[in-house]
Amino acid sequence: MIVMGVETSCDETSVAISKDGKTMLSNVVLSQMELHASFGGVVPEIASREHVKGITAVFEEALKQAKITAKDVDLVAVTKGPGLIGSLLVGINAAKAFAFAHQIPIIGVHHIAGHIYANQIEGEMRFPLVCLVVSGGHTELILMRDHYRFEKLGETLDDAVGEAFDKVARVLGLGYPGGPKIDAQAVKGTPSYPMPDVPRKDEFTFSYSGLKSHVINLLNTMKMKGETVNVPNMCASFQEAAVEQLIYKSRQAVDAIGATMFMIAGGVAANKRLRARVEETFKDVEVLVPPFTYCTDNAAMMSIAGYYRYQMRPDNEGLSINGYPRLDLTEND
Ligand code: KG4
Ligand code: ZN
(Lines give C-alpha, C1' and ligand atoms only; values in the text may rest on other atoms or scores of the structure.)
(Ligands and ions follow the chains in the order given, each with its own letter.)
Protein backbone atom coordinates (compact mmCIF):
# COMPACT_ATOMS: atom_id res chain seq x y z
CA MET A 1 0.00 0.00 0.00
CA ILE A 2 1.43 3.38 -1.08
CA VAL A 3 0.58 6.23 1.32
CA MET A 4 1.25 9.89 0.62
CA GLY A 5 1.69 12.04 3.75
CA VAL A 6 1.14 15.80 3.70
CA GLU A 7 2.27 18.06 6.58
CA THR A 8 1.93 21.85 6.80
CA SER A 9 0.93 22.44 10.44
CA CYS A 10 3.71 24.93 11.24
CA ASP A 11 6.70 26.15 9.22
CA GLU A 12 7.64 23.05 7.22
CA THR A 13 6.00 22.25 3.87
CA SER A 14 6.38 18.51 3.53
CA VAL A 15 5.13 15.65 1.36
CA ALA A 16 6.34 12.05 1.73
CA ILE A 17 5.58 8.68 0.20
CA SER A 18 5.81 5.37 2.05
CA LYS A 19 5.19 1.74 1.15
CA ASP A 20 3.38 -0.76 3.40
CA GLY A 21 3.75 1.38 6.52
CA LYS A 22 7.52 0.97 6.58
CA THR A 23 9.69 1.81 3.59
CA MET A 24 10.13 5.51 2.90
CA LEU A 25 10.21 6.16 -0.84
CA SER A 26 10.57 9.93 -0.42
CA ASN A 27 10.34 12.64 2.24
CA VAL A 28 10.58 16.18 0.88
CA VAL A 29 10.77 18.92 3.54
CA LEU A 30 10.84 22.57 2.56
CA SER A 31 11.75 24.50 5.71
CA GLN A 32 10.90 28.15 6.30
CA MET A 33 13.01 28.28 9.45
CA GLU A 34 15.51 30.86 8.21
CA LEU A 35 12.71 33.18 7.07
CA HIS A 36 11.14 33.18 10.55
CA ALA A 37 14.44 33.34 12.46
CA SER A 38 14.78 37.10 11.97
CA PHE A 39 11.42 37.55 13.76
CA GLY A 40 12.46 35.30 16.68
CA GLY A 41 9.61 32.86 16.03
CA VAL A 42 7.09 31.64 13.47
CA VAL A 43 4.92 34.40 11.96
CA PRO A 44 1.63 32.63 11.06
CA GLU A 45 0.69 34.85 8.12
CA ILE A 46 4.12 34.47 6.50
CA ALA A 47 4.00 30.70 7.13
CA SER A 48 0.67 30.28 5.27
CA ARG A 49 1.89 32.30 2.29
CA GLU A 50 5.14 30.32 2.07
CA HIS A 51 3.17 27.03 2.14
CA VAL A 52 1.06 28.27 -0.78
CA LYS A 53 4.22 29.19 -2.72
CA GLY A 54 5.96 25.87 -2.15
CA ILE A 55 3.30 23.17 -1.91
CA THR A 56 2.85 22.25 -5.60
CA ALA A 57 6.57 21.83 -6.18
CA VAL A 58 6.88 19.75 -2.99
CA PHE A 59 4.08 17.38 -4.18
CA GLU A 60 5.81 16.98 -7.55
CA GLU A 61 9.23 16.45 -6.01
CA ALA A 62 7.93 13.80 -3.59
CA LEU A 63 6.40 11.79 -6.47
CA LYS A 64 9.54 12.23 -8.57
CA GLN A 65 11.92 11.10 -5.83
CA ALA A 66 9.67 8.10 -5.07
CA LYS A 67 9.74 7.25 -8.80
CA ILE A 68 5.96 6.84 -8.93
CA THR A 69 3.04 8.68 -10.49
CA ALA A 70 -0.18 9.93 -8.88
CA LYS A 71 -2.10 6.84 -9.96
CA ASP A 72 0.18 4.62 -7.84
CA VAL A 73 -0.92 6.34 -4.61
CA ASP A 74 -3.47 4.29 -2.59
CA LEU A 75 -4.13 6.72 0.26
CA VAL A 76 -3.49 10.38 1.13
CA ALA A 77 -2.93 11.19 4.84
CA VAL A 78 -2.92 14.88 5.71
CA THR A 79 -2.29 16.63 9.06
CA LYS A 80 -5.66 17.98 10.28
CA GLY A 81 -4.34 19.56 13.51
CA PRO A 82 -3.26 20.82 15.90
CA GLY A 83 -1.30 23.65 14.33
CA LEU A 84 -1.57 27.09 12.74
CA ILE A 85 -4.95 27.15 11.04
CA GLY A 86 -3.83 29.07 7.95
CA SER A 87 -0.92 26.69 7.46
CA LEU A 88 -3.00 23.56 8.06
CA LEU A 89 -5.60 24.63 5.49
CA VAL A 90 -3.00 24.98 2.72
CA GLY A 91 -1.92 21.35 3.15
CA ILE A 92 -5.47 20.08 3.60
CA ASN A 93 -6.77 21.81 0.48
CA ALA A 94 -3.81 20.74 -1.63
CA ALA A 95 -4.21 17.14 -0.39
CA LYS A 96 -7.96 17.18 -1.07
CA ALA A 97 -7.41 18.53 -4.59
CA PHE A 98 -4.84 15.81 -5.29
CA ALA A 99 -7.05 13.04 -3.87
CA PHE A 100 -10.16 14.31 -5.67
CA ALA A 101 -8.41 14.69 -9.02
CA HIS A 102 -6.97 11.18 -8.87
CA GLN A 103 -9.89 9.51 -7.04
CA ILE A 104 -7.78 8.40 -4.05
CA PRO A 105 -9.14 7.91 -0.49
CA ILE A 106 -8.02 10.62 1.93
CA ILE A 107 -7.91 10.82 5.74
CA GLY A 108 -7.04 13.54 8.28
CA VAL A 109 -4.35 12.55 10.79
CA HIS A 110 -3.45 14.05 14.17
CA HIS A 111 -0.01 15.74 14.14
CA ILE A 112 1.07 14.08 17.39
CA ALA A 113 0.09 10.64 16.09
CA GLY A 114 2.58 11.44 13.33
CA HIS A 115 5.35 12.27 15.81
CA ILE A 116 4.65 9.02 17.68
CA TYR A 117 4.72 6.98 14.45
CA ALA A 118 8.13 8.44 13.48
CA ASN A 119 9.34 5.64 15.76
CA GLN A 120 7.83 2.98 13.50
CA ILE A 121 9.87 4.03 10.45
CA GLU A 122 13.05 2.26 11.53
CA GLY A 123 11.79 0.45 14.64
CA GLU A 124 8.91 -1.78 15.67
CA MET A 125 6.48 -0.78 18.40
CA ARG A 126 5.70 -3.32 21.14
CA PHE A 127 2.74 -2.98 23.46
CA PRO A 128 1.93 -1.85 26.08
CA LEU A 129 4.21 1.10 25.52
CA VAL A 130 4.62 4.52 27.08
CA CYS A 131 5.58 7.39 24.78
CA LEU A 132 6.90 10.73 26.01
CA VAL A 133 5.75 13.37 23.53
CA VAL A 134 7.93 16.50 23.67
CA SER A 135 7.54 19.29 21.13
CA GLY A 136 7.05 23.04 20.88
CA GLY A 137 3.40 22.71 21.90
CA HIS A 138 3.17 19.37 23.74
CA THR A 139 4.64 17.67 26.78
CA GLU A 140 2.66 14.54 27.55
CA LEU A 141 2.84 10.87 28.41
CA ILE A 142 0.81 8.63 26.11
CA LEU A 143 -0.02 4.98 26.76
CA MET A 144 -0.57 2.67 23.78
CA ARG A 145 -1.95 -0.84 24.28
CA ASP A 146 -2.20 -1.44 20.53
CA HIS A 147 -1.59 0.31 17.22
CA TYR A 148 -3.38 3.61 16.94
CA ARG A 149 -4.93 3.44 20.41
CA PHE A 150 -3.86 6.46 22.47
CA GLU A 151 -4.55 7.04 26.17
CA LYS A 152 -3.23 10.16 27.87
CA LEU A 153 -1.52 9.52 31.22
CA GLY A 154 -0.66 13.16 31.89
CA GLU A 155 0.49 16.40 30.34
CA THR A 156 2.00 19.77 31.19
CA LEU A 157 -0.01 22.04 33.46
CA ASP A 158 1.52 25.15 31.86
CA ASP A 159 4.30 25.50 29.24
CA ALA A 160 5.54 22.80 26.89
CA VAL A 161 9.19 21.81 27.31
CA GLY A 162 10.09 22.96 23.76
CA GLU A 163 8.52 26.32 24.51
CA ALA A 164 10.76 26.64 27.60
CA PHE A 165 13.86 25.79 25.51
CA ASP A 166 12.86 28.42 22.93
CA LYS A 167 12.18 31.10 25.57
CA VAL A 168 15.41 30.52 27.50
CA ALA A 169 17.39 30.59 24.23
CA ARG A 170 15.74 33.85 23.33
CA VAL A 171 16.63 35.59 26.60
CA LEU A 172 20.19 34.29 26.23
CA GLY A 173 20.26 35.84 22.75
CA LEU A 174 20.86 32.49 21.04
CA GLY A 175 18.14 32.88 18.40
CA TYR A 176 15.33 30.71 17.04
CA PRO A 177 14.62 27.81 17.21
CA GLY A 178 16.14 27.66 20.67
CA GLY A 179 16.18 23.92 21.36
CA PRO A 180 19.06 22.98 19.05
CA LYS A 181 21.02 26.11 20.12
CA ILE A 182 20.77 25.22 23.82
CA ASP A 183 21.60 21.60 23.04
CA ALA A 184 24.79 22.70 21.21
CA GLN A 185 25.85 25.17 23.95
CA ALA A 186 25.16 22.70 26.78
CA VAL A 187 27.63 20.19 25.35
CA LYS A 188 30.40 22.76 26.00
CA GLY A 189 29.32 23.49 29.60
CA THR A 190 28.59 21.89 32.96
CA PRO A 191 25.43 22.26 35.07
CA SER A 192 26.76 24.72 37.69
CA TYR A 193 23.88 27.21 38.21
CA PRO A 194 21.22 26.40 40.83
CA MET A 195 17.92 25.18 39.37
CA PRO A 196 14.59 24.31 41.04
CA ASP A 197 13.93 20.69 42.01
CA VAL A 198 11.79 18.46 39.81
CA PRO A 199 8.11 18.84 40.83
CA ARG A 200 7.46 15.34 42.15
CA LYS A 201 3.94 15.60 43.55
CA ASP A 202 1.50 14.83 40.74
CA GLU A 203 2.71 11.65 39.13
CA PHE A 204 2.34 12.21 35.41
CA THR A 205 1.92 15.96 35.06
CA PHE A 206 4.69 18.34 34.02
CA SER A 207 5.40 21.99 34.73
CA TYR A 208 7.90 24.20 32.91
CA SER A 209 6.82 27.76 33.66
CA GLY A 210 8.59 27.73 37.05
CA LEU A 211 11.88 26.58 35.55
CA LYS A 212 11.61 29.09 32.71
CA SER A 213 10.89 32.01 35.10
CA HIS A 214 13.72 30.88 37.38
CA VAL A 215 16.25 31.14 34.54
CA ILE A 216 14.90 34.54 33.43
CA ASN A 217 15.05 35.88 37.01
CA LEU A 218 18.55 34.50 37.49
CA LEU A 219 19.72 36.23 34.30
CA ASN A 220 18.08 39.53 35.30
CA THR A 221 19.70 39.45 38.75
CA MET A 222 23.12 38.71 37.26
CA LYS A 223 22.68 41.54 34.77
CA MET A 224 21.77 44.00 37.54
CA LYS A 225 24.82 42.97 39.52
CA GLY A 226 26.98 43.34 36.42
CA GLU A 227 27.99 39.65 36.46
CA THR A 228 28.84 37.89 33.20
CA VAL A 229 26.84 34.81 32.30
CA ASN A 230 28.64 31.65 31.36
CA VAL A 231 26.28 30.71 28.51
CA PRO A 232 27.34 27.06 28.05
CA ASN A 233 27.01 26.47 31.82
CA MET A 234 23.64 28.20 31.96
CA CYS A 235 22.39 26.09 29.04
CA ALA A 236 23.72 22.90 30.63
CA SER A 237 22.06 23.79 33.98
CA PHE A 238 18.68 24.56 32.42
CA GLN A 239 18.80 21.54 30.12
CA GLU A 240 19.75 19.19 32.95
CA ALA A 241 16.75 20.32 35.03
CA ALA A 242 14.40 20.20 32.04
CA VAL A 243 15.51 16.70 31.02
CA GLU A 244 15.50 15.41 34.62
CA GLN A 245 11.81 16.21 34.94
CA LEU A 246 11.03 14.36 31.68
CA ILE A 247 13.01 11.33 32.81
CA TYR A 248 11.56 11.25 36.34
CA LYS A 249 7.94 11.39 35.15
CA SER A 250 8.55 8.90 32.35
CA ARG A 251 10.12 6.39 34.73
CA GLN A 252 7.10 6.69 37.05
CA ALA A 253 4.75 6.04 34.13
CA VAL A 254 6.68 3.06 32.75
CA ASP A 255 6.77 1.45 36.21
CA ALA A 256 3.09 2.14 36.96
CA ILE A 257 1.99 0.61 33.65
CA GLY A 258 4.54 -2.20 33.60
CA ALA A 259 5.27 -1.14 30.03
CA THR A 260 7.19 -3.37 27.61
CA MET A 261 8.57 -0.41 25.72
CA PHE A 262 9.41 3.26 26.20
CA MET A 263 9.57 5.73 23.32
CA ILE A 264 10.12 9.46 22.86
CA ALA A 265 8.62 11.62 20.11
CA GLY A 266 8.53 15.23 18.87
CA GLY A 267 11.08 17.95 18.18
CA VAL A 268 12.69 17.84 21.64
CA ALA A 269 13.34 14.09 21.10
CA ALA A 270 16.31 15.32 19.03
CA ASN A 271 17.95 16.59 22.24
CA LYS A 272 21.25 14.79 22.80
CA ARG A 273 21.11 14.89 26.60
CA LEU A 274 17.55 13.54 26.66
CA ARG A 275 18.52 10.69 24.34
CA ALA A 276 21.52 9.81 26.53
CA ARG A 277 19.45 9.90 29.75
CA VAL A 278 16.75 7.71 28.16
CA GLU A 279 19.37 5.13 27.29
CA GLU A 280 20.80 5.18 30.85
CA THR A 281 17.43 5.09 32.61
CA PHE A 282 15.46 2.49 30.66
CA LYS A 283 17.87 -0.43 30.45
CA ASP A 284 15.18 -2.82 31.73
CA VAL A 285 12.64 -2.19 28.95
CA GLU A 286 12.84 -1.93 25.18
CA VAL A 287 13.52 1.60 24.02
CA LEU A 288 12.71 3.31 20.72
CA VAL A 289 13.92 6.79 19.81
CA PRO A 290 13.08 8.31 16.43
CA PRO A 291 15.95 8.85 13.95
CA PHE A 292 17.16 12.49 14.16
CA THR A 293 15.74 13.40 10.74
CA TYR A 294 12.22 12.35 11.76
CA CYS A 295 12.14 14.18 15.14
CA THR A 296 11.10 17.61 13.86
CA ASP A 297 8.08 18.15 11.61
CA ASN A 298 8.00 16.06 8.42
CA ALA A 299 5.46 14.23 6.26
CA ALA A 300 7.20 10.84 6.51
CA MET A 301 5.80 10.38 10.01
CA MET A 302 2.33 11.48 8.83
CA SER A 303 2.31 8.88 6.05
CA ILE A 304 3.22 6.08 8.50
CA ALA A 305 0.62 7.23 11.04
CA GLY A 306 -1.89 7.44 8.17
CA TYR A 307 -1.14 3.86 7.17
CA TYR A 308 -1.88 2.55 10.70
CA ARG A 309 -4.91 4.77 11.16
CA TYR A 310 -6.34 3.38 7.89
CA GLN A 311 -5.67 -0.21 8.99
CA MET A 312 -7.77 0.48 12.07
CA ARG A 313 -10.52 2.46 10.30
CA PRO A 314 -10.50 2.26 6.50
CA ASP A 315 -12.86 5.15 5.80
CA ASN A 316 -12.52 7.77 3.09
CA GLU A 317 -13.10 11.17 4.68
CA GLY A 318 -13.08 12.88 1.30
CA LEU A 319 -13.84 16.55 1.12
CA SER A 320 -15.23 16.66 4.69
CA ILE A 321 -11.76 16.99 6.26
CA ASN A 322 -11.21 20.25 8.10
CA GLY A 323 -8.29 21.86 9.96
CA TYR A 324 -8.25 22.27 13.75
CA PRO A 325 -5.84 24.60 15.60
CA ARG A 326 -6.51 22.66 18.84
CA LEU A 327 -7.15 18.94 18.81
CA ASP A 328 -6.90 16.36 21.58
CA LEU A 329 -5.09 13.20 20.48
CA THR A 330 -7.06 10.80 22.63
CA GLU A 331 -10.45 12.15 21.56
CA ASN A 332 -9.72 12.74 17.88
CA ASP A 333 -7.46 9.99 16.68
O1 KG4 B 1 7.84 18.79 16.87
P2 KG4 B 1 8.36 20.10 16.45
O3 KG4 B 1 9.22 20.18 15.23
O4 KG4 B 1 7.18 21.11 16.24
C5 KG4 B 1 6.03 21.05 16.99
O6 KG4 B 1 5.15 20.23 16.67
O7 KG4 B 1 6.00 21.83 18.00
O8 KG4 B 1 9.13 20.67 17.73
C9 KG4 B 1 9.74 21.91 17.73
C10 KG4 B 1 10.37 22.11 19.10
C11 KG4 B 1 10.93 23.51 19.29
O12 KG4 B 1 10.52 24.00 20.54
C13 KG4 B 1 12.44 23.28 19.24
O14 KG4 B 1 13.18 24.23 19.96
C15 KG4 B 1 12.55 21.90 19.85
O16 KG4 B 1 11.46 21.19 19.29
N17 KG4 B 1 13.81 21.22 19.52
C18 KG4 B 1 14.74 20.88 20.46
C19 KG4 B 1 15.82 20.31 19.75
N20 KG4 B 1 15.51 20.31 18.41
C21 KG4 B 1 14.26 20.86 18.30
N22 KG4 B 1 14.74 21.03 21.79
C23 KG4 B 1 15.83 20.60 22.46
N24 KG4 B 1 16.92 20.06 21.87
C25 KG4 B 1 16.96 19.89 20.52
N26 KG4 B 1 18.03 19.35 19.94
ZN1 ZN C 1 5.53 18.79 15.48
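Residues numbered from 1 in each chain as written. Chains lettered and ligands numbered in written order. Predicted model: local features only at pLDDT ≥ 70, side-chain atom pairs only at ≥ 80, totals over all residues. Heavy atoms only, no water.

1. Overview of the sheet that holds strand S4 (residues 75-81)
Thinking step 1. Sheet architecture is open: five strands sit in the order S3-S2-S1-S4-S5, paired in mixed fashion. Among the strands making up the open sheet, the edge pair consists of strand S3 (23-31) and strand S5 (106-110). Pairwise comparison of adjacent strand axes, ignoring direction, gives a mean angle of 20° for this sheet.
Thinking step 2. As defined by bridge partners, strand S1 (residues 2-7) adjoins S4 across four bridges and the pair is classed as parallel. Note on S4: the bridge partner recorded for Val6 is Val78.
Thinking step 3. Seen against the sheet, helix H3 (residues 85-102) touches S1, S4 and S5 and runs at an angle of roughly 160° to S4.
Thinking step 4. Lying on the sheet, helix H10 (residues 299-312) is in contact with S1, strand S2 (12-19), S3, S4 and S5; it crosses S1 at an angle near 125°. (Pairing = 2+ DSSP bridges. Helix = DSSP H or I, 4+ residues; strand = E, 2+ residues; numbered from the N terminus. Axes fitted to C-alpha atoms, helices over the stretch in contact; angles between N-to-C directions. Contact = heavy atoms within 4.5 Å.)

2. Observations concerning the nonpolar core
Thinking step 1. Ranked by size, the top nonpolar core spans 44 residues in total, and within it Met234, Phe238 and Phe262 carry the most contacts.
Thinking step 2. Looking at this core, the elements with two or more residues in it are strand S6 (129-134), helix H5 (161-171), helix H6 (178-187), helix H7 (209-224), helix H8 (231-257), strand S9 (261-265) and helix H9 (272-281).
Thinking step 3. Take this core: its biggest share by element is eleven residues, from H8.
Thinking step 4. Aside from chain neighbours lying at most four places away, what touches Met234 is Leu172, Tyr193, Met195, Val215, Leu218, Leu219, Met222 and Val229.
Thinking step 5. Within the second largest apolar cluster, 36 residues are counted, among which are Ala16, Cys131, Val133 and Tyr294. (Core = buried A, V, L, I, M, F, W, Y, C linked by side-chain atoms within 4.5 Å. Buried < 20%, exposed > 50% of the residue type's maximum accessible area, 1.4 Å probe, protein only.)

3. A closer look at the state of the cysteines
Thinking step 1. Scanning the model with the defined rule gives zero disulfides in all.
Thinking step 2. With no disulfide of its own, Cys131 lies 11 Å from the sulfur of Cys295, the closest cysteine sulfur.
Thinking step 3. Cys235 carries a free sulfur, and the closest cysteine sulfur to it, the one in Cys295, is 20 Å from it.
Thinking step 4. Look at Cys235 and you get buried, because its relative accessible area is 0%. (Disulfide = S-S within 2.5 Å.)

4. Let's talk about the side chain of His110
Thinking step 1. Here His110 shows up in strand S5.
Thinking step 2. On the basis of relative accessibility, which here comes to 1%, the residue His110 falls in the buried class.
Thinking step 3. Within polar-contact distance, the side chain of His110 engages the backbone oxygen of Leu327 at 2.8 Å. (Polar contact = N/O pair within 3.5 Å; in protein donor to acceptor, adjacent residues only side chain to side chain.)

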